[in-house]
Amino acid sequence: MYKGRVWKYLKTKIETETALHMSLIDPDLTFQTIKSIQRIVKYAHDAGTDAFMVGGSTIADQISIDKVVLAIKEKTDRPVIIFPGNVNAFSNNADATFFMSLLNSNNLYWIIRSHVLGAPILKLWNLEPISLAYIIIEPGATAGFIGEAHLIPRNKPKIAAAYALAAQYIGFKMVYLEAGSGANETVPVEMVKMVANFVDIPVFVGGGINTKEQAVAFVKAGAKLIVQGTYLEKIVPKDKGAELAEIIKAIKTMNL
Ligand code: 1GP
């Protein structure tokens with residue numbers, strides 16, 4: 001339904017809504033089942049999440065990823081966007097993919113060389129690429145380790161702002177400040193504020209976001225997109241009612 005039109009969908013929402021929420025689905029089938037993934041998807045869909053991202057730092061198995069994308073699509077009609085951990089993390093059943101460069105990696109592979117390998121696949125499959133500058137902040141978790149990130153210190157917001165501005169000048173559509181999935185500390189709110197004030201492109205924030213207060217503070221600081229993954233994996237099996245719906249409602253109805 002959104003195939004090839006995901007950037008348009010996101011851009012319209014970014015321009016007209018206070019903030020967006022995206023649910024990150026880990027496609028690793030070694031520790032979860034399709035059924036448990038579909039439960040999370042249904043929960044996040046009903047709570048009002050705007051789109052689903054599929055990806056992780058460690059698994060890049062095209063067969064599982066494709067299975068997971070199709071399983072997500074059985075439960076939601078919202079866009080399914082690949083959040084690629086590597087060049088074999090794509091699915092031609094997804095609606096789009098983030099074409100993301102880990103700008104603060106020490107390894108050229110994660111900055112541009114994997115993109116050279118992956119770009120022809122997207123063309124072959126007609127998979128919409130959405131450019132995204134990916135910047136990993138301490139603690140960085142698995143993404144920081146696998147991506148060989150020169151982690152931005154938590155107390156150096158100016159460095160993050162300079163990276164984000166460079167990303168804007170290069171032409172990236174959006175910038176993602178990532179603390180790492182399951183991180184025990186989120187990106188500092190002050191850093192998000194400085195970055196959002198410094199650049200004109202939309203700012204994503206993710207990694208370790210577990211509460212409404214955190215999400216609201218990021219949106220107040222200027223973030224446009226809040227990403228949550230681990231939180232969903234934690235609360236859905238416990239049947240924690242409408243918690244996510246409350247978070248999404250809070251960030252969408254804030255007066256800035
Ligand atoms: C990962 O930042 C996202 O890229 C999500 O992190 O799993 O901690 O929500 P969590």
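Just above sits the structure.
Just so we're clear, the structure is a prediction, and the values are computed from it rather than from any experiment. (Residues numbered from 1 in each chain as written. Predicted model: local features only at pLDDT ≥ 70, side-chain atom pairs only at ≥ 80, totals over all residues. Heavy atoms only, no water.)

## Remarks on the overall build of the protein
Item 1. For the protein, the count of helices and strands is 10 helices and 8 strands.
Item 2. Expected size for 256 residues packed as a compact globule is a radius of gyration near 18 Å; at 17 Å, the protein falls within 12% of this value.
Item 3. Across its three principal directions, the C-alpha atoms of the protein cover 45 × 40 × 35 Å.
Item 4. In the protein, which comprises 256 residues, the proportion classed as buried is 55%.
Item 5. Contacts spanning at least 24 positions in sequence make up 74% of the contacts within the protein whose residues lie at least 6 apart.
Item 6. Total accessible area on the protein is roughly 11400 Å²; 55% of this is exposed by carbon and sulfur atoms. (Helix = DSSP H or I, 4+ residues; strand = E, 2+ residues; numbered from the N terminus. Rg over C-alpha atoms; globule rule 2.2 N^0.38 Å. Buried < 20%, exposed > 50% of the residue type's maximum accessible area, 1.4 Å probe, protein only. Contact = heavy atoms within 4.5 Å. Areas by Shrake-Rupley, 256 points an atom, 1.4 Å probe, with all protein chains shown as cover.)

## Examining the environment of Lys 67
Item 1. One can find Lys 67 in helix H3 (residues 62–75).
Item 2. A relative accessible area of 48% places Lys 67 in the partly exposed class.
Item 3. Each C-alpha atom, one on Lys 67 and one on Ile 34, is 8.2 Å from the other, the two residues being 33 residues apart in sequence.

## Description of unusual backbone geometry
Item 1. A cis amide bond links Glu 138 with the next residue in sequence, Pro 139, at an omega value of 5°.
Item 2. Looking at where Pro 139 falls in the secondary structure, it is placed in the loop between strand E5 (128–136) and helix H5 (141–146).
Item 3. Despite not being glycine, Asn 126 shows a phi value in the positive range, around 60°.
Item 4. Along the chain, Asn 126 turns up in the loop between helix H4 (108–125) and E5.

## Thoughts on the packing of aromatic side chains
Item 1. All chains considered together, the criterion is met by 7 aromatic pairs.
Item 2. Taking 5.3 Å as the distance between ring centres and 65° as the angle between the ring planes, the aromatic pair formed by Tyr 134 and Tyr 176 counts as edge-to-face. Of this pair, Tyr 134 sits in strand E5 while Tyr 176 sits in strand E6 (residues 174–178); the two residues are 42 residues apart in sequence, bridging distant segments of the chain.
Item 3. Classification of Tyr 134 by relative accessible area gives buried; the value is 7%.
Item 4. What makes Tyr 176 buried here is its relative accessible area of 1%.
Item 5. Look at Tyr 176 and Phe 204: their rings are 5.1 Å apart centre to centre, the planes differ by 35°, and that puts the pair in the tilted class. Note that Tyr 176 is positioned in strand E6 and Phe 204 in strand E7 (residues 203–206), a separation of 28 residues in sequence.
Item 6. Through a chain of ring-to-ring contacts, the aromatic side chains of Phe 83, Phe 98, Tyr 134, Tyr 176 and Phe 204 assemble into a single cluster. (Phe/Tyr/Trp six-rings, centres within 6.5 Å; stacked < 30°, edge-to-face > 60°.)

## Comments concerning helix H1 (residues 6–16)
Item 1. Among all positions in H1, only Val 6, Trp 7, Tyr 9, Leu 10, Lys 13 and Ile 14 are buried. The buried residues of H1 all sit within an arc of 160° when viewed along its axis, so they share a single face. Facing away from the buried side of H1 by more than 90 degrees, the exposed set consists of Lys 8, Glu 15 and Thr 16. (Arc of directions from axis to C-beta.)

## Section: the sheet that holds E5
Item 1. The strand order E1-E2-E3-E4-E5-E6-E7-E8 describes a closed barrel built from 8 strands, whose pairing is parallel. Ignoring strand direction, the axes of neighbouring strands in this sheet form an average angle of 30°.
Item 2. Bridge analysis of E7 against strand E8 (residues 225–228) gives 3 bridges, and the strand direction is parallel. Within the sheet, the bridge partner assigned to Gly 206 lies in E8 and is Val 227. (Pairing = 2+ DSSP bridges. Axes fitted to C-alpha atoms, helices over the stretch in contact; angles between N-to-C directions.)

## Regarding the packing of helix H2 (residues 34–47) against H3
Item 1. Two elements in contact, H2 and H3, have axes whose closest approach is 9 Å; the angle formed by their N-to-C orientations is 45°. On the basis of their axis angle, the class for H2 and H3 is oblique. Where H2 crosses over H3, the handedness of that crossing is right-handed. Only Lys 67, Val 68, Ala 71, Ile 72, Glu 74 and Lys 75 of H3 make contact with H2, whose side of the interface consists of Ile 34, Ile 37, Gln 38, Val 41, Lys 42 and His 45. (Parallel < 35°, antiparallel > 145°, perpendicular 65-115°, else oblique. Left-handed = near helix turned anticlockwise from the far one by under 90°.)

Keep in mind these values describe shape, not function.
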